Number of protein chains: 2
Amino acid sequence: MRYTFEVLVSLKPGLADPQGAAVASALPALGWSNVTQVRVGKHVAVTLEAGSEEEARTQVEAIARRLLANPVIEEFRIVAGEAG
Amino acid sequence: MRYTFEVLVSLKPGLADPQGAAVASALPALGWSNVTQVRVGKHVAVTLEAGSEEEARTQVEAIARRLLANPVIEEFRIVAGEAG
């Protein structure tokens, strides 16, 4: 069966995020001054054939750890993707 | 109250995604040959002060539409973020 999982990769808390800071600093000029933090990361949707959802999730986790996230500066979490 | 929402920005289906294709093409060499598609997008966590969750979500949607996604080539969806 075909499964889609999404890997959300974000910078570890505390690390500087210039891209997020740039977005945050643009917001007050657009009338949104109540935003306290913006953090920008990656979002990777992986679609794969697997025997079970559990098996698919385990594999996506291995792929994320090996290929998608840099464990020194990033953390990731996996959410079930939209049906695809 | 403080709310966090996450904006998941992805390329519209059908548009070429070279970054995703690069990831997908690296997988078979690592022993994962059952992956049929990889799509890479952005993931933006927005934390803001608002009177209600509904109000916060509406504002995050406006921010995403105005600033975070390019409507010509991208689509986005909003998910409740982790407590922050």
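Everything quoted here is computed from the prediction, not taken from an experiment. (Residues numbered from 1 in each chain as written. Chains lettered and ligands numbered in written order. Predicted model: local features only at pLDDT ≥ 70, side-chain atom pairs only at ≥ 80, totals over all residues. Heavy atoms only, no water.)

### Focus on the overall build of chain A
Per the secondary structure count, chain A includes two helices and three strands. Put simply, chain A runs from its N terminus to its C terminus through helices and strands in the order β-α-β-α-β. On C-alpha atoms alone, chain A measures out to a radius of gyration of 16 Å, which is more than a quarter above the 12 Å that the 2.2 N^0.38 rule sets for 84 residues. Its C-alpha atoms give chain A principal-axis dimensions of about 50 × 30 × 15 Å. The 84 residues of chain A split such that 40% are buried. A fraction of 76% describes how many contacts in chain A between residues 6 or more apart in sequence connect residues 24 or more apart. Separation of charge centres in chain A, based on 8 positive and 10 negative side chains, amounts to 6 Å. (Helix = DSSP H or I, 4+ residues; strand = E, 2+ residues; numbered from the N terminus. Rg over C-alpha atoms; globule rule 2.2 N^0.38 Å. Buried < 20%, exposed > 50% of the residue type's maximum accessible area, 1.4 Å probe, protein only. Contact = heavy atoms within 4.5 Å. Lys, Arg positive; Asp, Glu negative; His and termini not counted. Charge placed at Lys NZ, Arg CZ, Asp CG, Glu CD.)

### What about the pairing of strand β2 (residues 35-49) of chain B?
Of all 15 residues making up β2(B), 11 are buried, and the element is well covered by its neighbours. Relative to β2(B), strand β2 (residues 35-49) of chain A runs antiparallel, the two sharing 13 bridges. Following the sheet pairing, His43(A) is matched in β2(B) by Gly41(B). Two strands pair when backbone bridges link them, and strand β1 (residues 2-11) of chain B and β2(B) are joined in this way by eight bridges, in the antiparallel orientation. Bridging from a neighbouring strand, Arg2(B) pairs with Glu49(B) of β2(B). (Pairing = 2+ DSSP bridges.)

### Structural notes on the interface of chain A and chain B
At the junction of the two partners, chain A supplies 34 residues and chain B supplies 34 residues. Here chain A meets chain B over a buried area of about 3,000 Å², counting both sides, of which 59% is carbon and sulfur. Linking chain A with chain B are two salt bridges. Two residues, Arg77(B) and Glu6(A), come together in a salt bridge whose shortest N-O distance is 3.1 Å. Residue assignment for the side of chain A that touches chain B shows that the elements contributing at least two residues are β1 (2-11), α1 (18-26), β2 and α2 (53-68) of chain A. Here the side of chain A that touches chain B takes 15 residues from β2(A), the largest share from any one element. Tallied by class, the residues present in the side of chain A that touches chain B amount to 18 nonpolar, eight polar and eight charged. (Buried area = accessible area lost by both parts, 1.4 Å probe. Salt bridge = Lys/Arg side-chain N within 4 Å of Asp/Glu carboxyl O. Nonpolar A, V, L, I, M, F, W, Y, C, P; charged D, E, K, R; others polar.)

### Looking at the sheet that holds β1(B)
Here we have six strands laid out as an open sheet, ordered β3(A)-β1(A)-β2(A)-β2(B)-β1(B)-β3(B), and antiparallel in their pairing. Because the sheet does not close on itself, it has two edges, and the strands there are β3 (74-80) of chain A together with β3 (74-80) of chain B. If you compare each strand with its neighbour and ignore which way they point, the axes differ by 25° on average. Here β1(A) runs beside β3(A); their pairing, made up of seven bridges, is antiparallel. Directly across from Leu11(A), in β3(A), lies its bridge partner Glu74(A). (Axes fitted to C-alpha atoms, helices over the stretch in contact; angles between N-to-C directions.)

### Quick notes on a nonpolar patch on the surface
A contiguous nonpolar patch, built from Leu15(A), Val72(A) and Ile73(A) and spanning about 240 Å² of accessible area, is present on the exposed surface. Residue position: Ile73(A) is located in the loop between α2 and β3. (Patch = residues over 30% accessible without salt bridge, like charges linked within 9 Å, V, L, I, M, F, W, Y side chains within 5 Å. Areas by Shrake-Rupley, 256 points an atom, 1.4 Å probe, with all protein chains shown as cover.)

### What to know about the relation of the copies chain A and chain B
With an RMSD of 0.0 Å, chain A superimposes on chain B once it is rotated by 180° and translated 0.0 Å along the axis. On this basis, the relationship between the two copies can be described by a two-fold rotation axis. Most of the interface of chain A is mirrored in chain B, where 100% of its interface residues again form contacts. (Least-squares fit on C-alpha atoms with pLDDT ≥ 70 in both.)

Such coordinate-based values are descriptive only and should not be taken to indicate function.
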